Amino acid sequence: MANERLRALEEVEKEIAMILQCAGNVLLELSKDKHNASFLDRQLAQFLGSVNKIESELSGQIRYLTQVATGQPHEGSTYSARKDCQMALNRAEYAKVKLGELGRTCEVMLDQQL
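Reading the values: rules and limits
- Residues numbered from 1 in each chain as written.
- Predicted model: local features only at pLDDT ≥ 70, side-chain atom pairs only at ≥ 80, totals over all residues.
- Heavy atoms only, no water.
- Salt bridge = Lys/Arg side-chain N within 4 Å of Asp/Glu carboxyl O.
- Buried < 20%, exposed > 50% of the residue type's maximum accessible area, 1.4 Å probe, protein only.
- Helix = DSSP H or I, 4+ residues; strand = E, 2+ residues; numbered from the N terminus.

Undergrad: What am I meant to see in the pattern of salt bridges here?
TA: A side chain with one charge can pair with a side chain of the opposite charge if their charged atoms come near. Using the criterion set out here, one finds four salt bridges in the structure. A salt bridge links Glu29 to Lys32, with the nearest nitrogen and oxygen atoms 3.3 Å apart. Here Glu29 falls in the buried class, since its relative accessible area comes to 6%. The residue Lys98 makes a salt bridge to Glu101 at a minimum N-O spacing of 3.4 Å. Here Lys98 and its partner Glu101 are both found in helix α3 (residues 79–113), three residues apart, which amounts to about one turn of the helix. In this structure Lys98 comes out as partly exposed when scored by relative accessible area, which is 38%.

Below is the structure:
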């Protein structure tokens, strides 16, 4: 799961590089005396496609991180289960301590009665 997310972010990085390349190509074309309109249209289409891909992927990444940060269950996370287990162990240890104290108190009271 984590590797997939990292690969997706690498793809976003490649798309950003593609956007920069498209922008550079457009600037070079616009610096010419005579512009090639079809080339500019292709670059614009590629630029907009890349922007849409980036926006979509980053939105998905943000949704995932929001789920992780709010403690909602999601694929690949064991944090909630580990936290619940740790809390249960803490409660069991606390109960053990309190029962030990109660046992000692009972023993003291029984010794006083004898």
